[in-house]
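Residue-level structural notes
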Amino acid sequence: MKITVNGEPREIAADTLQQALDALGHGGARVATAVNEAFVPAAARAETWLAPGDRVEILAPRQGG
């Protein structure tokens, strides 16, 4: 299905947000996620179904000073 990940179009074979994270290499990472501008907590990712055209944001914490 076609979705947008962090502003870039992607073709992905995933039904849920958790499956998408796994496919994109973020499965075990500590990240914040949103679908269509709505925050999705980690506990809800496996039950958050994706649809074609959804906009997914994946944000990783950064350190620096």
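Residues numbered from 1 in each chain as written. Predicted model: local features only at pLDDT ≥ 70, side-chain atom pairs only at ≥ 80, totals over all residues. Heavy atoms only, no water.

1. Looking at the pairing of strand β5 (residues 55–59)
By the alternation rule, side chains of β5 split into V56 and I58, which are all buried, and R55, E57 and L59, of which none is buried. Note: strand β1 (residues 2–5) against β5, 2 bridges, orientation parallel. Residue V5 lies in a different strand from β5, and its bridge partner there is V56. Judged from the 4 bridges that link them, strand β3 (residues 32–35) and β5 form a sheet pairing that is antiparallel. Directly across from A34, in β5, lies its bridge partner E57. (Buried < 20%, exposed > 50% of the residue type's maximum accessible area, 1.4 Å probe, protein only. Helix = DSSP H or I, 4+ residues; strand = E, 2+ residues; numbered from the N terminus. Pairing = 2+ DSSP bridges.)

2. Description of the pattern of salt bridges
What the rule picks out here adds up to 1 salt bridge. Measuring nitrogen to oxygen at the nearest pair gives 3.7 Å for the salt bridge that ties R55 to E37. Here R55, found in strand β5, pairs with E37, found in the loop between β3 and β4 (38–40); they are 18 residues apart in sequence, far enough to count as distant. (Salt bridge = Lys/Arg side-chain N within 4 Å of Asp/Glu carboxyl O.)

3. A short note on the pairing of β1
Burial along β1 is one-sided: I3 and V5 are buried, and none of K2 and T4, which face the opposite way, are. The sheet contact formed by β1 and strand β2 (residues 8–11) spans 4 bridges and is antiparallel. Following the sheet pairing, V5 is matched in β2 by E8. The antiparallel hairpin formed by β1 and β2 contains 2 residues in its connecting segment, where N6 sits at a positive phi of about 50°.

Everything listed here is a matter of geometry and, on its own, says nothing about what the molecule does.
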